[in-house]
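Structural features, examined
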Amino acid sequence: MNWTLADKQVVVVGAGRTGCGLARFFLERGAQVVLSDARPAERVMLPDDLARSVQRRDFGGHTVELFTAADLVVISPGVPTDIPALCAARQQGVPVLGEIEVASRSLSQPIIAITGTNGKSTVTSLMGAMFQAWGQKTFIGGNLGTPLVEAVGQEWDWLVVELSSFQLETIEEFHPRFGVLLNISEDHLDRYPDMASYQAAKARLFENMTEQDVAVLNADDPQVMTISETVRARKIMFSSSRSLADGMSLEGNQLVWKDAGVCERFSVEELAISGQHNLENVMAALIPPLLSGCPAETAWQAATAFRGLPHRMAMAGEINGVRWFNDSKGTNIGSVVKSLEGNPGQVTLIAGGKDKQGSLVPLLEPVRQKVAHLVLIGEAADRMQEAFSGLTEIYRASSMREAVAIAAKVTPQGGTVLLSPGCSSFDMFKNFEERGQVFEDEVARLAKGV
């Protein structure tokens, strides 16, 4: 779809990587761009090309008059949709769109969109690798890293895109060929008023899909099944708990794919990634390539070659018989539960961070059964200590270095230390990647006897 954007007044909200990508997109099409960011100017580092080309900047806040005078306002994923300037723009009839909507209107290639509370990045990366192994020119990005708008203007066979609930809030016509919903558990309740609102944002993935499209759904997740009742697209299920007559199932130590009389079997023992959650990730990732004609052997070779992503149950080291795992991407309670389930025996858990206000109840029994020692950090430490008091030994740490030192002291030989915070990182770190890297650095210091 070609937009007539020449000389249009466009406000791009957010000056991070996505916002910068959007600014370039509109500048290349002749629009007049205002780049708006709540951060003061000295904290916004624009790339050289945009520092030269973006003349109108609205830093240190969002000027209502600029928003209401615009022809279009486009927001980056992390920007709340209810800030006053955006509300004022809507009241004046100014369209307010997100980056995914803008990019998809300029793309004609088939899109596979993946969302869910946990596993999105793993499934997106793994599925993209399968298409690439098949020889397809495949874009892999979205919430995972590279904004979708950066795919515009290039030749692709497929676009494999991770989407957050924030990105789905601002779609209108977005229409993927495949929509993949992995799971839903409590998350981002610091942004959403309740679980129903969060679930509704995830459900928007399917609202423009038709009977010619395919919805890939987790048959074991009650919230996903509730959403499936309103999905018009063809539904393909995956399940790790029971055999399905059609779809993808876990049967013993095999993944079994059944579709239109075809039956393929894959041995899970050949996978490099482990854990029940990763079996579910592999099942979901296999379905779109197989339905699109990718040979089963090719897709499976890509699956067995996949080693996982950084900061997601990544082995950080083994010291004096204790294994250390970095699961810094475990930013919600459901993710921590999955990570604990995948660990045999008792673990020392390092948790805490910026509190998302989700319920801690789902973690009570896993802590009781699996956690020998709990080391708490960050803003959520008080609430977590109150919730888990009496279930296990609890320690408090003021830094990651102190947390690692405590964990090293209390964990016996043969034990496991797991960083799986269940919270976002922004109280102590720039992002979950920095948190995970600091953890790995401290483990490395420990290994050297520092």
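Just above sits the structure.
Throughout this description, residue numbers start from 1 for each chain and increase along the sequence as written. Predicted model: local features are reported for residues with pLDDT of at least 70 only, side-chain atom pairs are reported and counted for 80 or more only, and whole-chain, interface and lining totals are derived from all residues. Derived side-chain values reflect all non-hydrogen atoms in the structure, with water molecules and hydrogen atoms excluded from consideration.

**Points about unusual backbone geometry**
Backbone phi values are negative for most residues with the exception of glycine, while trans is the configuration of most peptide bonds. Cut-off, in case you're wondering: Elements are defined by DSSP. Helices are runs of H or I of four residues or more, strands are runs of E of two residues or more, and each kind is numbered from the N terminus. The classification of residues rests on relative accessible area computed with a 1.4 Å probe and restricted to protein chains. Under 20% of the type maximum is buried, over 50% is exposed, and intermediate values are partly exposed.
Residue Ala260 is not a glycine yet carries a positive backbone phi of 50 degrees. By the element assignment, Ala260 lies in the loop between β13 (254-259) and β14 (262-267). Exposure remark for Ala260: the relative accessible area of 70% places this residue in the exposed category. One non-glycine residue, Gln357, lies in positive phi territory at about 70 degrees. Position of Gln357 among the secondary structure elements: in the loop between β17 (347-351) and α13 (361-370). In this structure Gln357 comes out as partly exposed when scored by relative accessible area, which is 47%.

**With respect to the pairing of β17**
How we decide: One bridge is not enough; two strands pair if DSSP finds at least two bridges between them. Looking down the strands as they point away from you, a crossover is right-handed if its path from the first strand over the helix to the second goes clockwise.
Of all 5 residues in β17, 5 are buried; the element is thus mostly enclosed. Every second residue of β17 is oriented toward a common face, with Val347, Leu349 and Ala351 on one face and Thr348 and Ile350 on the other, all of them buried. Alignment of β17 against strand β18 (residues 371-376), held across 5 bridges, turns out to be parallel. Bridged to Ala351 within β18 is Leu376. Assessed by its sense of winding, the connection that carries the chain from β17 through α13 to β18 is right-handed.

**Side note on the sheet that holds strand β19 (residues 393-396)**
Put simply, the rule is: Every axis corresponds to a line fitted to the C-alpha atoms, with the helix fit spanning only the stretch in contact, and the corresponding angles, defined between N-to-C directions, vary from 0 to 180 degrees. Contacts: residue pairs with any heavy atoms within 4.5 Å of one another.
In spatial order, the strands read β15-β16-β20-β17-β18-β19; together these 6 strands make up an open sheet with mixed pairing. At either end of the open sheet lies a strand with only one pairing partner, and these are β15 (314-319) and β19. Across the sheet, the axes of successive neighbouring strands diverge by a mean angle of 20 degrees, strand direction being ignored. Bridge count between strand β16 (residues 322-326) and strand β20 (residues 416-419): 4 bridges; the pairing is parallel. Of the residues in β20, the one forming a bridge with Asn326 is Leu419. Taken strand by strand, helix α14 (residues 381-388) contacts β17, β18 and β19, and its axis lies near 165 degrees from that of β19.

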